[in-house]
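Next come the chains, spelled out residue by residue.
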Amino acid sequence: MIRAGAQALWSHWARHRLQLLVVIIGLALATGLWTGVQAINAEARVSYDRAASALGQTNLQQITRADGPLRLADFVALRRAGWLVSPIAQGGLRGTGLEVLGFDPFTAPQGAAVPDLRGAGDLSAFLVPPGVVFVHPETVGRLPDGLPPARVLDTIAPGRLVTDLSIAMQLLRSDTLSSIIVLENQPQGRTPLSDLDASYMLSAPSEGSDIARLTDSFHLNLTAFGLLSFAVGLFIVHAAIGLAFEQRRVLFRTLRALGLPQRALVGLLAAEAFVLATVGGSLGIVLGYVVAAALLPGVAATLSGLYGASVSGSLSLSPIWWLTGFVMAYIGAAAAAGSSLWQLSRLPILAPAMPRAWARANARTARIQAFGGLGLLTAALILGVAGDGLVAGFACLAALLLGAALLVPTALTLIIRGLSRFGTGVVTRWVWADTRQQIPALSLALMALLLALSANVGVSTMVGSFRGTFIGWLDQRLASDLYVTTRTPAEAAAFQDFVADDVHAILPIISADITLGGTPGEVFGIKDHATYRDHWPLLEGAPDVWDRVAAGTGVLVNEQLARRDDLWTGATLTLAPDWRMQIVGVYSDYGNPAGQAIIGYDTFSARFPDISPLRFAISADAPAALRDRIVMDFGLPPDNTINQEEVKAFSLEVFEQTFLVTRALNVLTLGVAGFALWASLTTVATMRLPQLAPVWALGLTRRHLATLEMGRALVLALLTAVLAVPVGLGLAWVLLAIVNVEAFGWRLPMQVFPWDWAQLLLWALVGAALAAALPMRSIAKLPPSELLKVFAHAR
Amino acid sequence: MELLHATDVSKSFETGEGPLQVLRGVSLSLTAGTSLALTGESGSGKSTLLYLIGGLDVPDAGHIRIAGTDIAGLDDPGRAALRRGTVGVVFQQFNLIPSLDVAANLAFHARLSGRHDAAWTAHLAERLGLSALLSRFPEQLSGGQQQRVAIGRTLAAKSELVLADEPTGNLDEATGDAVMDLLLELVSETGAGLLMVTHSMRLAARLDRQVGLRAGVIA
Amino acid sequence: MPVRAICAALWLICMPMIASAQGFAGLGQDAEGYALPTPAPSFTFPQDHGPHPEFRIEWWYLTAVLEGADGETYGVQWTLFRSALRPEGDVQVWMGHAGITTPKAHFTGERLARGGIGQAGVTPAPFVAWIDDWTMQSRAATGDALDALHLTATLEGATYALDLTATGPFVFHGDNGFSVKSNSGQASYYYSQPFYEVSGVLNLPDGEVAVTGQGWLDREWSSQPLDAGQLGWDWFSLHFEGGERLMGFGLRDEAGISFTYASWITPDGAVVPSNDLRLTPIRTAKVAGRDVPVDWRVELPSQGLDITTRAINDDSWQATLFPYWEGPVTAAGTHQGRGYLEMTGY
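Conventions and cut-offs
- Residues numbered from 1 in each chain as written.
- Chains lettered and ligands numbered in written order.
- Predicted model: local features only at pLDDT ≥ 70, side-chain atom pairs only at ≥ 80, totals over all residues.
- Helix = DSSP H or I, 4+ residues; strand = E, 2+ residues; numbered from the N terminus.
- Buried ≥ 20, exposed ≤ 12 C-beta atoms within 10 Å, placed from the backbone.
- Contact = placed C-beta atoms within 7 Å.
- Nonpolar A, V, L, I, M, F, W, Y, C, P; charged D, E, K, R; others polar.
- pLDDT = per-residue confidence, 0-100.
- Pairing = 2+ DSSP bridges.
- Axes fitted to C-alpha atoms, helices over the stretch in contact; angles between N-to-C directions.
- Parallel < 35°, antiparallel > 145°, perpendicular 65-115°, else oblique.
- Core = buried A, V, L, I, M, F, W, Y, C linked by C-beta atoms within 7 Å.

A word on the overall build of chain A. On a plain count of helices and strands, chain A comes out with 25 helices and 20 strands. Sorting the 795 residues of chain A into buried and exposed places 46% on the buried side. In chain A, once contacts between residues fewer than 6 apart in sequence are set aside, the share between residues at least 24 apart is 81%.

Given below as structure tokens:
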């Protein structure tokens, strides 16, 4: 009995191969984009963990000095006092974009992800100058000359050179340590930290690395896109499976009349959904791998460009993400088939043959959807205004998008009802009336389209706003022409004399690492100069802000610090236990995860007498010529002199890279939505005959009807696209004003780009036209006998 | 005046077992103001002939002249114009446009053909007993009501030739007879010609002439 | 597992005397430019108490057999190893091992450090040897710096602080401190201070224990101390009730113990080098999954010695990353006494 039932149910798919294809492709697309994004995220996270916790910095406490940088002597003093600590020297290798990580193999924590030095002679080679640098295979080609011999190791983060502590300090030309980590399980009886040196401080392990924190938002964006694609794919599957149920109503009635129990029928249909999900899910995982492999190099470039995070460009297969891929496929199939199964299990035996039973349920569904949509939009508003935290931000995003999608059918119905007043011709009026009636059948595809389009508007608005603000900010922040780094205080003094006659201004850049609000930060000392007064990107400030900074009675803080600790103009900043200053202004500081403060130069010198400036910002008439002279005549290495133009160009290049992946996903999502529209139109086309046949019989040509159908699809797409603009702007606002603030600590002003919307409308129309083309063609070529069958046969 | 003249009309369909010859050289004619019943068993080709006359399909051979025009030579737009302006078809079922209400359905054909006459349409609605149902949608009507709307729609457009394909085939006998009465009455009032396909000899007898089809030829 | 890796490397470099078979291969084959010991040396103190960076390996090795106020027997080990990574002597690596043995438990400590930054090292005057917070520091007001020492170490779960006072002279093994380690002539410089009286405190998980007893310091440095093919060694330092001491070791290769040496030390510190030492295992115990001979018959016919040594705690296992057995023993037979046994390569 079950077998016969299964055969009967399956025969439907055998006869409707296109529909079967739509279900499977829909599931594959839903699973594929989700899996692809997850694979990218997983790969990136593995890379961060590898990079960040190579030495356990992320989960171990650290010791810092309140009064300046850590040196090797601090490490030795701590060890001799009984503390089990390990030193790390980490920093950028100048002019290469590479990072040097030096560790001490003798004290590094157990289980640290550092090279294996077990082989004969390995430890000697590692310690004895020139030493060895361990690098990822992808990094080999980027190594400059003059480095120790390189050994290749897959477990090293790309772009990183792992070497012995002393070798690293030589490469970095530094006598300071970047951190001292405190191992777990410290022995009893060690000297208390405060007895050793009052300026030692034990700091809690940072929750995740800076990189992980910075990139969290990026990955949340990716995940959101993955979910969005998944939702769009689900719409496709839901529509296709719903149609298959609709078309098999008579079959269900017959099977049940012949004695197949309702429970068995539902079970068979559930099994069918399971099989479809397995096939679609498998294809989706393959697709996801392809997507991930194609996008990962871009993601890797983005992450290293924007955040300095190193991610391998090659993909490793992890069972976790393909398993979650299947889980998502099953969830998707269950969601798509669930409501149909639920209805089927509750309908009386003869009801399924009544065509309007489902239609009436649809009308009720539409009402419930509309109220649900309004409820979600309200929730989004409340979350947006009152919500707190990144999760609330994303919940707000989800509520906004889903609520807007649910309102699409109702909104379109209302709009078309309004528009139909303007049409006077009989055909026009029929088209409006018919379009309105068609909305429920296309609603899922239109919702998918709205999601894709509003995501597009939202993301392009965010990217555009980011770009506009970023360029303006770069101009302000990089107001000087040349940035020069000297190597010693003596050289710095000589340098100032050397350039004195050729420059308008030479401003020292001087900074110290201090603790701001309990986390590591920096304080800068600046000279009172027009460069700052005229250009510095202040977000807010007291009227006499620069006078007060110069006079040593005020401090400027960056936006991140202001937002993190709620310290704005007028508040008091604690720079050290005995050092407090009033905040007189807040400036924007994009791309910096840490807190920062700016004080007057004299105040800085008085506080940090040991620190003398080595870096200088120079304004000059002929910066290029001056740069040549500095290199040729003064003898500073070329890397030590940076031209402002180059920095800007590089920053913009990094920026463009950053959003390549976002754009790619945008296009993919739009493509999936286009597919959804095509699938809906194709399946709906066969059900359209009873609507079209009478009109045709009354004297409209099939070509005319097909043209009208195309127009209808275009109108619906256009209206959906128009609706998508405000939804997209809402999305952009949430991204800029909530998610960015929570994730990065800065807020970007929103800018709008109507030209982008016009382009998007055009794309929506092109997509709709492409999606409608095939179904329309088949209507135009439909044999009259097919249309006549409508009148001759009972459906 | 000869409204319809069909000569040697043939038509075959492609099926899984090869071509099926449905009409094998049928000829018939109809004068304005008269009615003709086309009878025959299922598969005799009577509906096919009706569709060919209505410009809904194209004959393989032969000529069909309606009001002096040979429609066999018309292209698709030409046949559509014929359906709009000259002939009106009442099918057995699914005549109406689901998305329009009764009033709009009644007026639809007339508006298409540019002969909309509100007073005439209202008069027809009155005569057909539809005045109270004008704002309903097709799905809210009974079968008999739907067929009355279909008849009203054709007559509202002042079609010269009314074609009806088993117009009461889906109705019970009492309702069918009532619909039939209205159809014959109104057709004779307007002076149009009526060609009706039916398998019921009882109904056929009510028309002016009867022609029987058997296996694609006039019996 | 980098630390394990490093220790493996260090083990190869600085502990060839106790190297395991696979670890030992390839080392000590030639001196590769390092300084080599020469026969009949003369030492200069305090300089020679300090490091000799031109030699490849060197150690400061102290063991003590102690009696607690609770009547139990305890053992303590404090060792600092130095290893040069190249003959220039400018790249040095240090390793500290510490142990406490009680009849029921054994505690281990291990530290590693690079040279040159002050985390570990030895200075001859004033004498101090240290790694992290472990120290062996002179507290001698007069005489030799090593005559009086203060010793501390932090182990996993225990610490100790001991004062040591020498009651006799240094003794020089082999040919005036030139100690041959194989039949083919590999040798080291080797002297000891076997006459320490010890007192101090052990800080154990169950509480403090005041202890007194006898200690023994070994100083040894070399560049190629072992012959290829030697797998490990068994080394004794024993204090007898009559005031005599015995230092004896046997080196094992595939065939068994192939080379022995003993220094018989009279109560006044005179050394009698002997080549007739016989070492015979009489009981093995399962220790850390290996069969380790914990009780021995020790014979030195030239001194009329025939004794049996028994381990205080069979599990005196130094679970450093390359582990070995090191613990206190009692001796009975022709002579009664106590001492330390070190066994490697099992």
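Let's shift gears to the interface of chain A and chain B. Interface size is often expressed as the accessible area that is lost when the parts come together. Opposite the 25 residues of chain A that make contact, chain B presents 29 residues. Secondary structure elements with two or more residues in the side of chain A that touches chain B: helix H13 (426–477), helix H22 (689–697), helix H23 (702–744) and helix H25 (784–792) of chain A. Taken together, the residues of the side of chain A that touches chain B break down into 15 nonpolar, 5 polar and 5 charged.

Here we take up the confidence of the model for chain B. Residue and element names in this part refer to chain B. Of the residues in chain B, 100% reach a pLDDT of 70 or more, and the chain-wide mean stands at 88. Averaged pLDDT values over the elements of chain B bottom out at 84 in helix H2 (residues 76–85) and peak at 93 in strand S3 (residues 35–39). Reported for the predicted complex are a pTM of 0.57 and an ipTM of 0.89.

All names here are of chain C. Alternating residues of strand S7 (residues 134–138) divide into Trp134, Met136 and Ser138, all buried, and Thr135 and Gln137, none buried. Both strand S6 (residues 127–131) and S7 contribute to a ladder of 4 bridges, which runs antiparallel. Counted as the bridge partner of Ile131 is Trp134 from S7.

Residue and element names in this part refer to chain B. Strand order in the open sheet formed by 4 strands is S2-S1-S4-S5, with antiparallel pairing between adjacent strands. Both edges of this open sheet fall to strand S2 (18–31) and strand S5 (69–70), since each of them pairs with a single strand only. Two elements, strand S4 (residues 61–66) and S5, share 2 bridges in a ladder whose sense is antiparallel. Each residue of the ladder has a partner; that of Ile66, found in S5, is Thr69. Sitting on the sheet, helix H1 (residues 46–53) is in contact with strand S1 (2–15), S2 and S4, with an inclination near 120 degrees to S1.

Residue and element names in this part refer to chain A. For Pro613, the location among the structural elements is in the loop between helix H18 (601–607) and strand S19 (615–620). As a C-alpha pair, Pro613 and Thr488 span 125 residues in sequence and 9.1 Å in three-dimensional space. For Pro613, the residues in contact, after removing those within four places along its chain, are Ala492, Pro508, Ile509 and Ile510.

On to unusual backbone geometry, then. Here the bond from Pro129 of chain A into Pro130 of chain A is cis, since omega is 5 degrees, no more than 30 degrees from zero. Mapped onto the fold, Pro130 of chain A is located in the loop between helix H4 (122–127) and strand S5 (133–135). Between Ala125 of chain C and the following residue, Pro126 of chain C, the backbone shows a cis peptide bond with an omega angle of -10 degrees. Residue position: Pro126 of chain C is located in the loop between strand S5 (120–124) and S6. At Ala67 of chain B, a residue that is not glycine, the phi angle is positive and equals roughly 45 degrees. Inspection of the secondary structure assignment puts Ala67 of chain B in the loop between S4 and S5. Owing to 18 C-beta atoms within 10 Å, Ala67 of chain B belongs among the partly exposed residues under this scheme. Notably, Lys158 of chain B is not glycine yet its phi reads approximately 55 degrees, a positive angle. For Lys158 of chain B, the position within the fold is in the loop between helix H5 (143–156) and strand S7 (161–165). You can call Lys158 of chain B partly exposed: it has 19 C-beta atoms within 10 Å.

The next subject is H22 of chain A. Note on helix geometry: an α-helix contains 3.6 residues per turn, so any two residues three or four positions apart are oriented the same way. Residues and elements named next belong to chain A. Here H22 lies mainly inside the structure; 7 of its 9 residues are buried. Buried within H22 are the following residues: Gln691, Leu692, Ala693, Pro694, Val695, Trp696 and Ala697. Within two residues after H22, Gly699 carries a phi angle of roughly 120 degrees, on the positive side.

It is worth spelling out the packing of H5 of chain B against helix H6 (residues 173–190) of chain B at this point. Two numbers describe a pair of packed helices, the interaxial angle and the distance between the axes. Residues and elements named next belong to chain B. Orientation of H5 relative to H6, taken along the N-to-C sense of each, is 10 degrees, at an axis distance of 10 Å. In terms of their interaxial angle, H5 and H6 are classed as roughly parallel. Residues Gly144, Gln147, Arg148, Ile151 and Leu155 of H5 pack against Thr175, Ala178, Val179, Leu182, Leu183, Leu186 and Thr190 of H6. Broken down by class, the residue content of the contact of H5 with H6 amounts to 7 nonpolar, 4 polar and 1 charged.

Below, the discussion takes up the nonpolar core. Note that soluble globular proteins tend to have their nonpolar side chains buried in a common cluster. In terms of nonpolar packing, the biggest core is built from 187 residues, with Leu400, Leu449 and Leu450 of chain A together with Leu195 of chain B touching the most fellow members. Broken down by element, this core gets its largest block of residues, 21 residues, from H13 of chain A. Not counting the four nearest positions on each side in its chain, Leu195 of chain B is found in contact with Leu4, Leu30, Leu36, Leu38, Leu50, Ile53, Leu161 and Leu163 of chain B. Membership of the second largest hydrophobic core comes to 131 residues, among which are Leu117 and Val162 of chain A together with Leu66 and Trp78 of chain C.

This part takes up the pairing of strand S20 (residues 305–311) of chain C. Residue and element names in this part refer to chain C. Where burial is concerned, the two faces of S20 differ: the one with Leu305, Ile307, Thr309 and Ala311 is buried and the one with Asp306, Thr308 and Arg310 is not. Relative to S20, strand S19 (residues 290–300) runs antiparallel, the two sharing 5 bridges. Bridge pairing links Arg297 to Thr308 in S20. Hairpin geometry of S19 and S20 is characterised by an intervening segment of 4 residues between the two adjacent antiparallel strands and by a positive phi of about 65 degrees at Gly304. Taken together, the 5 bridges between S20 and strand S22 (residues 324–333) define a ladder with antiparallel strand orientation.

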